[in-house]
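# Geometric and topological summary
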Amino acid sequence: MSNTVGTVLLTREQIEERAREIGEEIARDYEGEEVYLIGTLRGAVVWMADMMKNIKNDMEIDFVMASSYGSSTTSSGVVKIKKDLEGDIYGKNVIIVEDILDSGVTLSYLKQYLSVRKPASISIVTLLDKPSRRKADIRADYAGFEVEDAFVVGYGLDYAEKYRNLPYIGILKPEIYA
């Protein structure tokens, strides 16, 4: 696998340090309050696990699967909910945990979709922010790292369901997905 990844953008140590910083920031921002983390499947699992270890508040976790990509490398613009929440978010401080904020189409839809359930608040935390590709008017409240417009994999991010287990984030060589 590693011979198909070009540049390593972020090491495990850099990501874990940022997860600690953001987890502590969330704990301060919601001091004395419970938070309800919603991980976006499948990509955010690794990031969410690292970050939530650093949030000292009472918390619940849940997962949702929504996609506008299908098997493509670009957004189709049509969002599908493939797995919905199991819990009730009414009156709760919801924090959507995302692996990458790219076009923003899926996340914008998901935020609106969840807001009809009347949570107390909805915040977004993302491991990677790629503002150069934004199509929807949305931003993260907490962002790990801003990245260039390149196809990144590792640490939960995939190409065709592979590479999620890499312990770093790297740029996939274009010949792999072209």
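Residues numbered from 1 in each chain as written. Predicted model: local features only at pLDDT ≥ 70, side-chain atom pairs only at ≥ 80, totals over all residues. Heavy atoms only, no water.

## Remarks on the packing of aromatic side chains
Aromatic ring pairs: the centre-centre distance and the angle between the two ring planes describe each pair. In the structure shown here, the tally under the stated rule is 4 aromatic pairs. By way of ring pairs, the aromatic residues Phe151, Tyr159 and Tyr177 are connected into one cluster. (Phe/Tyr/Trp six-rings, centres within 6.5 Å; stacked < 30°, edge-to-face > 60°.)

## Considerations on the side chain of Thr4
Looking at the secondary structure, you find Thr4 in the segment before strand E1 (5-10). Within the structure, Thr4 has its side chain in polar contact with the side chain of Tyr163 (distance 2.9 Å). Beyond its immediate sequence surroundings of up to four residues, Thr4 is in contact with Tyr163, Ile171, Leu172, Lys173 and Ile176. (Helix = DSSP H or I, 4+ residues; strand = E, 2+ residues; numbered from the N terminus. Polar contact = N/O pair within 3.5 Å; in protein donor to acceptor, adjacent residues only side chain to side chain. Contact = heavy atoms within 4.5 Å.)

## Structural notes on the sheet that holds strand E9 (residues 169-172)
Sheet strands pair via backbone hydrogen bonds, and the direction of the pair is either parallel or antiparallel. Ordered by their spatial adjacency, 3 strands build an open sheet running E1-E9-E8, and the pairing between neighbours is antiparallel. Each having just a single partner strand, E1 and strand E8 (152-153) make up the two edges of the open sheet. (Pairing = 2+ DSSP bridges.)

## Structural notes on the environment of Arg133
Looking at the element boundaries, Arg133 is found in the loop between strand E6 (121-129) and strand E7 (142-146). Between the alpha carbons of Arg133 and Gly104 there is a distance of 8.3 Å; along the sequence they are 29 residues apart.

## A few points about the pairing of E6
Among the 9 residues that make up E6, 8 are buried, leaving the element largely enclosed by the rest of the structure. Examined bridge by bridge, strand E5 (residues 93-101) and E6 share 8 bridges and lie parallel to one another. Bridge pairing links Val97 to Val125 in E6. What joins E5 to E6 is helix H3 (residues 105-115), and the crossover it makes is right-handed. As paired strands, E6 and E7 are joined by 4 bridges and run parallel to one another. Looking at E7, one finds that Val125 is bridged to Tyr142. (Buried < 20%, exposed > 50% of the residue type's maximum accessible area, 1.4 Å probe, protein only. Right-handed = clockwise from strand over helix to strand, strands pointing away.)

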